[in-house]
Amino acid sequence: MKRRSFLIGAAAATGGLVVGYRAWSQSFVTAAARQVLEPGEHLLAGWIQIGTDDTVTVQIPHIDMGQGTHTALAMMAAEELDADWSNVRTERAPGEKSFANRFLARGWITQGYDVPAFADGITDLVFTEAARFIGLQITGGSTAVRFTGRLGMRTVGAAARQMLLHAASRNWGVSADRLTVRDGVITDPATGRQTRFGELAEAAAGLPVPSSPRLKEKSEWRLVGTSPIRLDIPAKTDGSFQYGIDLTLPDMLHAAIRIAPVHGARLVDVDTSATARHGIERVVKLDSAVAVVAPSWWQARSAADLLEPVFSTDGLNTFSLKTLAARQEEALRTGEGTMMAEIGDGDEALTSTSPERIVTAGYSVPYLHHAAMEPLNVTARFADGTLTFWGGEQDALGTKNLLMEVSGLGAQSVVVNALPAGGSFGRRVPASADYLRHLVPIAMEMAPRPVKLIFSREEEFTDGSYRPALATHITAALDNSGMPVSWSQRFLSAPTRNEAFHIPYDIPHQQLEAVAFSTHVHTGTWRAVAHTQHAFWTESFIDELAHAAGADPYEYRRALLRAGSRQIKVLERVAESAGWGGPLAAGRGRGIALHEAYGTWVAQVVEASIGTNGTPQVHRVVAAVDCGALCHPDTALQQVEGGIIMGLSAALFEQITIEGGAVLEQNFSDYRLIQLAEIPEIEVHFLESDAAWGGLGEPGLPPVAPALANALFAATGRRVRSLPLGHAYDEGV
């Protein structure tokens, strides 16, 4: 929306624009209703379907990839609606503009700050238009509960409740203020009359949607803050839950693919004669790959393995792992930087400090694969001028936009059926969805039959969109007491989001400079995005400063934090819970780390040692977490535990390596993941606070790598500044 339009709207907030907002909002709801309603259902507030049988279905603009989002968001809506939880269901919202996630747009722009009630309708209009314009429906950045839930599902639940109350008051000719709602039933205490949601839904759906309904106080919550069985668990337990890999369509074909081993290479030629006797349907030549289409995937895969496609790397500046570090060092030394944060005068602080009180270190992190459990798969059918898609993408509306771009079709001719995913961790977003650029021409060539494209594990590993391999240089000046007075840092940044570089400590002079760095290797978002590297860099270096000062690492950090702050509270809690300073078994060390990600503060203590085989062993991880309030405590615990385990796996073992420009790792046999027997004891403590809701899908991951590195230093006296740590200790680096 243009700035001028916004200013005109703001000036008219008490007049005609409010009326316009209501009419516009109602048209938005009407369009959404056409896309999701079944006979006997009615849509309230644009996101909540209520059937005559009292079933409440909440449309969720996020993917289910195992994180429990659908249950949590449904709980937040049902809490404000006062629905009977046993009647609540969820559906993933269609990838259509009617379900663009305006709550996410609002939360991301305002970062959770409240908007004055008089401007709420105008704000909603602005962010809805923005969300529709950019096609916003992504799952990422730990935004589901903290933005979509807090700003969206609670509000639409409260709005739907108010609409149902008004419908009942009209039917009975009484004031809505005297009516009560509980478990899907509206009661008039004065007369004892009762009516169910299903009996009122049709009348309520025709009423205007309130823009600023009253939300419950925390003391009024009955559902939020409890842990009912997640809505997805029964079907996942009995095997009836359907992922994209399970999809079967009439007359469906299957495609396997051979992609250029060097990212960015182009297909030059391929001899297809070797596939002639394998019952295949077609060989489809693509820009950077060749696909084989057959009645079954195994047929397609077997035939594809017989091909020897020729690719060209002309114009690509490729490299091998041995030369990557040199490239990174050169970029850090000579690359043009962008100042991301500057406080005080870091240069002056450094020049005025004696050399013996200057501490300098460099750190690096490797490429990381997403390693999701479900093989990468997508399905499409092009028939009668319409492209229909099925897949477990993290951004259904963004996927639709990408399919429109690749196919050249208009919005009315592209239909996206958004499915759950068996893991994703940032892989299945439009910016990384190169596989969709392969799928569309295959589907169009095989029209009108549907085609499911499945990546073999080998193609999935070698044609990934990895967490980037990056490095940093940090220099600090210490005062006479050993406390830092300046922090100067240059770090490599990738084309993905540049975030997480702020340090949490009170240091008077700070300079943090980003140097753009990229290679021919495809990179993208990985769980917690840039927080993974910045937490490792910052918390490793602050530990080095503590040891340089001869100070306890916990007390050193504590002295640099504001008294009474959220961060000092989680730090104190984790130290207390972990028994910081207490006795340890021989050969063990403790390490500590603190980090904020997506509105949530996490501190962790790791106990670790070096095993008899020279490999690091993790014995215990203790975490303290402040994410504001908790929606579903069991899921919250699982998310933090899962983040710790994934973070340990990456910190200990994982890396994608490059040789001759191509990825070496071909499968899980080449890409070491943490195993069940290696999972340590994990203890998580939640500190509820009055802070705004924070995310939980990602914040548990970043602190574990530096906490582990610091623990191993405490145990061995050897500081390792590059991940993975297991590789470094195995080889004595």
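A short tour of the structure in this document, coming up. Bear in mind that the values here come from a model prediction, so they are computed numbers and not experimental data. (Residues numbered from 1 in each chain as written. Predicted model: local features only at pLDDT ≥ 70, side-chain atom pairs only at ≥ 80, totals over all residues. Heavy atoms only, no water.)

Looking now at the sheet that holds strand β15 (residues 377-383). Taken in spatial order, the 7 strands line up as β10-β11-β8-β18-β15-β16-β17 in an open sheet, and their pairing is mixed. Two strands bound the open sheet, and with one partner strand each, they are β10 (282-285) and β17 (414-418). Direction aside, neighbouring strands of the sheet carry axes that sit 20° apart on average. Two strands pair when backbone bridges link them, and strand β8 (residues 253-259) and strand β18 (residues 451-454) are joined in this way by 3 bridges, in the parallel orientation. For H254, the partnering residue across the bridge sits in β18 and is K452. Sheet contacts for helix α12 (residues 396-407): β16 (386-391) and β17; angle to β17, the most-contacted strand, approximately 145°. Here helix α13 (residues 434-445) sits on the sheet in contact with β8, β10, β11 (289-294), β15, β16 and β18, set at roughly 35° to β15. (Pairing = 2+ DSSP bridges. Helix = DSSP H or I, 4+ residues; strand = E, 2+ residues; numbered from the N terminus. Axes fitted to C-alpha atoms, helices over the stretch in contact; angles between N-to-C directions. Contact = heavy atoms within 4.5 Å.)

Let us look at the side chain of S609. For S609, the location among the structural elements is in strand β23 (residues 600-610). In terms of polar contacts, S609 uses its side chain to reach the side chain of H619, at 2.7 Å. Discounting chain neighbours no more than four positions away, the residues touching S609 are G587, R588, T615, P616, Q617, H619 and L712. (Polar contact = N/O pair within 3.5 Å; in protein donor to acceptor, adjacent residues only side chain to side chain.)

So, on to the packing of helix α18 (residues 633-652) against helix α19 (residues 704-716). Orientation of α18 relative to α19, taken along the N-to-C sense of each, is 55°, at an axis distance of 8 Å. As far as their axial angle goes, α19 and α18 are oblique. Handedness of the α18/α19 crossing: right-handed. Contacts between α18 and α19 involve I644, G647, L648, A651 and L652 from the first element and V704, A705 and L708 from the second. (Parallel < 35°, antiparallel > 145°, perpendicular 65-115°, else oblique. Left-handed = near helix turned anticlockwise from the far one by under 90°.)

Below, the discussion takes up the environment of D188. Structurally, D188 is set in strand β6 (residues 185-188). For D188, a relative accessible area of 0% puts it in the buried group. Taking the C-alpha atoms as reference points, D188 and S240, 52 residues apart in sequence, are found 42 Å from one another. Excluding its chain neighbours within four sequence positions, the residues that come into contact with D188 are W172, V174, R178, L179 and R193. (Buried < 20%, exposed > 50% of the residue type's maximum accessible area, 1.4 Å probe, protein only.)

Our next topic: the pairing of strand β22 (residues 589-597). Counting buried positions along β22 gives 8 out of 9 residues, so the element sits mostly inside the fold. Looking at chain direction, β22 and β23 are connected through 9 bridges and run antiparallel. Looking across to β23, one finds that G589 is bridged to A608. Hairpin connection, β22 to β23: the antiparallel pair is bridged by 2 residues, and Y598 has positive phi, about 55°.

This part takes up the nonpolar core. Grouped together as the largest cluster of nonpolar side chains are 99 residues, with contacts concentrated most on Y367, F541, L545, V606 and L708. Sorting elements by how many residues they give to this core places α18 first, with 8 residues. With residues up to four places along the chain from it excluded, the contact list for V606 reads G589, R590, G591, V618, R620, V621, V704, A707, L708 and A711. Counting 66 residues, the second-largest nonpolar core is a separate cluster that includes V58, A77, M153 and L397. (Core = buried A, V, L, I, M, F, W, Y, C linked by side-chain atoms within 4.5 Å.)

We now examine the packing of helix α15 (residues 531-548) against α19. Two elements in contact, α15 and α19, have axes separated by 8 Å at closest approach and are oriented at 30°. Here α15 lies roughly parallel to α19, going by the angle between them. Two packed elements cross with a definite hand, and for α15 against α19 that hand is right-handed. Of α19, the residues touching α15 (which contributes A535, F536, E539, S540, D543 and H547) are A705, P706, A709, N710 and F713. Grouping the amino acids of the contact of α15 with α19 by side-chain chemistry returns 6 nonpolar, 3 polar and 2 charged. (Nonpolar A, V, L, I, M, F, W, Y, C, P; charged D, E, K, R; others polar.)

A cluster of acidic side chains, namely E342, D345, D347 and E348, defines a negative patch on the protein surface. Examined against the element boundaries, D345 turns out to sit in the loop between β13 (337-343) and α11 (346-351). Residue D345 is classed as partly exposed on the basis of its relative accessible area, which comes to 41%. (Patch = residues over 30% accessible without salt bridge, like charges linked within 9 Å, V, L, I, M, F, W, Y side chains within 5 Å. Areas by Shrake-Rupley, 256 points an atom, 1.4 Å probe, with all protein chains shown as cover. Salt bridge = Lys/Arg side-chain N within 4 Å of Asp/Glu carboxyl O. Lys, Arg positive; Asp, Glu negative; His and termini not counted. Charge placed at Lys NZ, Arg CZ, Asp CG, Glu CD.)

Further remarks concern unusual backbone geometry. For residues that are not glycine, phi is negative in most cases, and the peptide bond is trans in most cases. Following A447, the chain continues into P448 via a peptide bond in cis, with omega recorded as 5°. Note on placement: P448 falls in the loop between α13 and β18. Its identity is not glycine, yet D82 carries a phi of approximately 60°, on the positive side. For D82, the position within the fold is in the loop between α3 (69-81) and β4 (88-92). What makes D82 buried here is its relative accessible area of 6%. Phi at A371 is positive, roughly 50°, even though this residue is not glycine. Tracing the sequence through the fold places A371 in the loop between β14 (358-365) and β15. Classification of A371 as buried rests on a relative accessible area of 17%.

When you line up the elements, W526 lands in the loop between β21 (509-516) and α15. Counting along the chain gives 352 residues from W526 to V174, while the straight-line C-alpha distance between them is 55 Å. Among all residues touching W526, those that are not within four sequence positions of it are L368, H369, H370, F425, R467, T532, M646, A650, E654 and L701. Only 3.1 Å separates the side chain of W526 from the backbone oxygen of H369, close enough to count as a polar contact.

Fair warning: the whole summary comes from geometry, so function is off the table for now.
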